[in-house]
Amino acid sequence: MSTAVTTMTESTTDVPTPASLLNVSGLTITYPTPTGSFTAVDNFSLTMQPGKRVAIVGESGSGKTNACMAIAGFLAAEANVTADALSFEGRDLLVRKKLAIPERIEGVSVVFQDAMTSLDPVWTIGSQLVAVIRNNEKITRKKAKESAAEWLRKVGLTDTERVFAARPYELSGGMRQRVMIAIALCGKPRLLIADEPTSALDATLSKELMHLLVGLTEELGTALLMISHDIALCQAFTDWTVVMHRGVAVEEGPSATLAQRAEHPYTQGLISCIPTLDNASWDRLPTMHKESA
């Protein structure tokens, strides 16, 4: 598992392998229960190089969000996190203190699944964006406002004056998600973790938002770690896909060829459930069965 993503970069004797951006090995996450403990993630490993796009896909409860939030430092205080290695740009993340309010990891940003609950309901969009920009750059408020307006345009929100003065509940779900992307990327992170960034959007808007997300991360040279239940979206927009089931990474490989190379029954089941022209006339799509577990 630990060599998974490094295999995406061709290596020769003349070209050295670049240093890893993210190194996760043997990550295990457990939670206490009245009768003992529950293992949410079991022995998860992943290596990412700078600028790469990786997807972790699986059904709800598969452990994908827990694994990524352990990297970002957003797990609940009762979570017990152990690993052989957990580092970002060589910095050991296992030594972090558990705080009531998580401490931001420099170089890592997160786009959360629910923009409505992630954005401050009282502050205007402009105020929130300006605050993040000024926290990352020592610039005047005027310059920060100009930068904020430019970021709103970058994410496709052209009516900048109205959006700038609006509060989150005054915007549509798609607009709030674009605002979240602007806030996450305006600090120019080296790694962006996107937790189900399109789950609240329809199919057309999902693809539009993913094109935007991929384009902006490529422009900034930012690596993208995407959490998703949509394996088709992962195949289309990422370099490498890791499939998780019941806390375990059961399969991984290049996203573009995963459908042809899938060996695990769970991966095969996920792929068979994707709507295509071939099954457009079917009364029902295939469903996951117990034997796929």
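Keep in mind that what you see is a predicted model, and the values were worked out from it rather than measured.

Draft legend 1. Looking closely at the overall build of the chain. Helix and strand counts for the chain come out as 10 helices and 11 strands. Here the chain, with 293 residues, has 46% of them falling under the buried criterion. Sequence separation of at least 24 residues holds for 65% of the intrachain contacts in the chain that already meet a minimum separation of 6. On the chain, roughly 15,000 Å² of surface is accessible, and the fraction owed to carbon and sulfur atoms is 51%.

Draft legend 2. Structural context of the sheet that holds strand β8 (residues 191-195). With respect to topology, six strands assemble into an open sheet ordered β7-β8-β9-β3-β10-β11, the strand pairing being mixed. Of all strands in the sheet, those bounded by a partner on one side alone are β7 (108-111) and β11 (248-254). Ignoring which end each strand starts from, the neighbouring axes of this sheet average 15 degrees apart. Where strand β10 (residues 240-245) meets β11, six bridges bridge the pair, whose relative direction is antiparallel. Among the inter-strand pairings, T241 is bridged to a residue of β11, identified as G253. Lying over the sheet, helix α1 (residues 64-72) contacts β3 (53-57), β7, β8, β9 (223-228) and β10, oriented at roughly 145 degrees with respect to β9. Where helix α10 (residues 265-272) meets the sheet, its contacts fall on β10 and β11, and the angle it forms with β10 comes to roughly 110 degrees.

Draft legend 3. Quick look at the packing of aromatic side chains. Scanning the model with the defined rule gives one aromatic pair in all. Considering the side-chain rings of F74 and F112, the 5.4 Å spacing of their centres and the 70 degrees angle between planes classify their relative orientation as edge-to-face. Residue F74 is located in the loop between α1 and β4 (80-82), and its partner F112 is located in the loop between β7 and α2 (115-118); the two are separated by 38 residues in the primary sequence. Here the basic side chain of K154 rests over the ring of W151, its NZ or CZ set 4.4 Å away from the ring centre.

The rules behind the values
Residues numbered from 1 in each chain as written. Predicted model: local features only at pLDDT ≥ 70, side-chain atom pairs only at ≥ 80, totals over all residues. Heavy atoms only, no water. Helix = DSSP H or I, 4+ residues; strand = E, 2+ residues; numbered from the N terminus. Buried < 20%, exposed > 50% of the residue type's maximum accessible area, 1.4 Å probe, protein only. Contact = heavy atoms within 4.5 Å. Areas by Shrake-Rupley, 256 points an atom, 1.4 Å probe, with all protein chains shown as cover. Pairing = 2+ DSSP bridges. Axes fitted to C-alpha atoms, helices over the stretch in contact; angles between N-to-C directions. Phe/Tyr/Trp six-rings, centres within 6.5 Å; stacked < 30°, edge-to-face > 60°. Lys NZ or Arg CZ within 6 Å of the ring centre and 35° of its normal.

On their own, these measurements won't tell you what the molecule is for.
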